[in-house]
Amino acid sequence: MYSRIAGTGRYLPERIVTNSELATRVDTSDEWIRARTGIERRHIAADDETTASLSTQAARAAMDAAGVDAADIDLIVVGTTTPDLVFPNVACLVQERLGIPACPAFSLEAACTGFIYALSMADKMIATGSANCALVIGAETLSRIVDWNDRTTCVLFGDGAGAVVLRPADTPGVLSCHLGADGRYQDLLFSPYGTSKRPPPDADDVSYIKMKGNEVFKVAVKTLEGLVTKTLEAHQLDKSAIDWLIPHQANTRIIQATAKRLELPMEKVILTVQDHGNTSAASVPMALDTAVRDGRIQRGELLLLEAFGGGFTWGSALIRY
Ligand code: UT7
């Protein structure tokens, strides 16, 4: 038994913040942000929106595309690093909002790799017969943990959600997921406080994102190059077999480096970072949905999804769409 993607969806909050708008708040410029990252704008959740509400919208779109109802779903997995609450987890909140009957529902944290980790878990549950119709979501409200006075990070991140419905199939589908992590790099990209590690009373950086961007950049490029090579080797595939690269949307320069390693022209890379910045776990499913809906990705094509983020964590998914 394999799993295959039956439908995709995404949701971006209405409010758009341009680079120029940010330049009125911190010492930056549209030129710098575009040249160093490729980002042109980002979407920011409204006060009454949360990771669960964004997830719910993306899930509805994916369920419509897959032609499934709430009653069909029997597994919900959400990759997120910005959950609404300590508990219940975001998947339970989505379950309630969509009226999905009792089923396993859990969130997992793997930062920007959250969706690939979630996809891998759901794929295994479908492949082993533990689930028959899985909702897999990557969603974030990073704007809530961004220090809007720190130009080195606030220009990078945005909010959004992407989702897929996975169903069983006799033929792949998800061919493989390769996951990895190395906690020795935790100090290069992190948020300093959480539930168990509380901020001291005088802390002024409560839960902001901290990043040594330049160092993250170098490890990201190297790790992703190794990851895509390992993924191809596992299937004895030549680079030319890949129809589309659907990378985590953190930085155009990182994406270009991975595409170069695969000898893929940029026309074969789904690039959405310009429209919403780095949305962490939401970026890969949103990019996937973008290219499915605009008709670039066709059934039967071979997709390579990859991501890298805080932890560090990383992961790839090779998918026959
Ligand atoms: O999604 C999870 C993984 N995250 C990533 O993959 C992010 C990886 N890192 C990056 O994308 C890049 O490192 C950044 C976009 C964050 C930064 O680009 P960079 O080319 O590595 O720049 P840098 O950090 O080396 O900084 C270059 C200069 C510095 O000034 P000095 O020291 O040369 O005078 C920074 O202070 O740019 C300055 N700078 C800025 N200038 C204008 C940093 N942020 C800004 C800014 N506007 N927003």
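That block above? That's the structure.
Cut-offs and rules
Residues numbered from 1 in each chain as written. Predicted model: local features only at pLDDT ≥ 70, side-chain atom pairs only at ≥ 80, totals over all residues. Heavy atoms only, no water. Helix = DSSP H or I, 4+ residues; strand = E, 2+ residues; numbered from the N terminus. Rg over C-alpha atoms; globule rule 2.2 N^0.38 Å. Contact = heavy atoms within 4.5 Å. Areas by Shrake-Rupley, 256 points an atom, 1.4 Å probe, with all protein chains shown as cover. Lys, Arg positive; Asp, Glu negative; His and termini not counted. Charge placed at Lys NZ, Arg CZ, Asp CG, Glu CD. Near = heavy atom within 4 Å. Polar contact = N/O pair within 3.5 Å; in protein donor to acceptor, adjacent residues only side chain to side chain. Nonpolar A, V, L, I, M, F, W, Y, C, P; charged D, E, K, R; others polar. Buried < 20%, exposed > 50% of the residue type's maximum accessible area, 1.4 Å probe, protein only. Pairing = 2+ DSSP bridges.

**Student:** Lay out the overall build of the protein with the relevant residues and their values.
**Tutor:** Each helix and strand in the protein was counted, giving 10 helices and 13 strands. Against the globule reference of 20 Å for 321 residues, the protein gives a C-alpha radius of gyration of 18 Å, in line with a compact fold. Referenced to the eigenvectors of the C-alpha coordinate spread, the extents of the protein come out at roughly 55 × 45 × 35 Å. A sequence separation of at least 24 residues applies to 76% of the contacts in the protein between residues at least 6 apart. Counting only carbon and sulfur atoms, one obtains 49% of the accessible surface of the protein, whose full area is about 13,600 Å². Counting 31 positive and 39 negative side-chain charges, the protein places the averaged centre of each group 4 Å from the other.

**Student:** Now, about the site of the ligand: what can you tell me, with residues and values included?
**Tutor:** Around the ligand, the structure places 24 residues, and the nearest of them are T28, R36, N214, N251 and N278. In this structure, H248 approaches the ligand through a side-chain N or O atom, which is 2.9 Å from an oxygen atom. Out of a free accessible area of 960 Å², the ligand has 73% covered by protein chains. Looking at the shell around the ligand, the elements that each hand over two or more residues are α2 (30-37), α6 (151-154), α7 (213-234), α8 (252-261) and β12 (302-309). Sorting elements by how many residues they give to the shell around the ligand places α7 first, with 4 residues. When grouped by side-chain class, the residues that make up the shell around the ligand number 11 nonpolar, 9 polar and 4 charged.

**Student:** So what's going on with the environment of G183? Residues and values would help.
**Tutor:** Within the element layout of this structure, G183 appears in the loop between β8 (174-181) and β9 (189-190). The exposure class assigned to G183 is partly exposed, which follows from its relative accessible area of 41%. Sequence separation of G183 and F312 is 129 residues, and the distance between their C-alpha atoms is 6.0 Å.

**Student:** Pulling in residues and values, what's your account of unusual backbone geometry?
**Tutor:** Only a minority of non-glycine residues have a phi that is not negative, and only a minority of peptide bonds are not trans. Here F87 and P88 are connected by a cis peptide whose omega angle stands at 0 degrees. One non-glycine residue, S280, adopts positive backbone phi at about 50 degrees. The residue S280 is located in the loop between α9 (273-276) and α10 (283-293) in this model.

**Student:** Go over the pairing of β12, please, and point to the residues and values.
**Tutor:** Summarising burial for β12: 8 of the 8 residues are buried, a large majority. By the bridge criterion, 4 bridges tie strand β11 (residues 244-247) to β12 in an arrangement that is parallel. Residue W244 lies in a different strand from β12, and its bridge partner there is L303. Both β12 and strand β13 (residues 313-320) contribute to a ladder of 8 bridges, which runs antiparallel. The residue bridging F308 from the neighbouring strand is W314, located in β13. Between β12 and β13, which pair antiparallel in sequence order, lie 3 residues; one of them, G311, sits at a positive phi of approximately 140 degrees.

**Student:** Quick rundown of the environment of A282? Include the residues and the values.
**Tutor:** Within the fold, A282 resides in the loop between α9 and α10. Of the residues examined, A282 reaches a relative accessible area of 0% and is grouped as buried. Separated by 270 residues in sequence, A282 and L12 have C-alpha atoms that sit 9.8 Å apart. Those residues in contact with A282 that sit more than four places away from it in its chain are G138, A139, E140, G160, A161 and G162.

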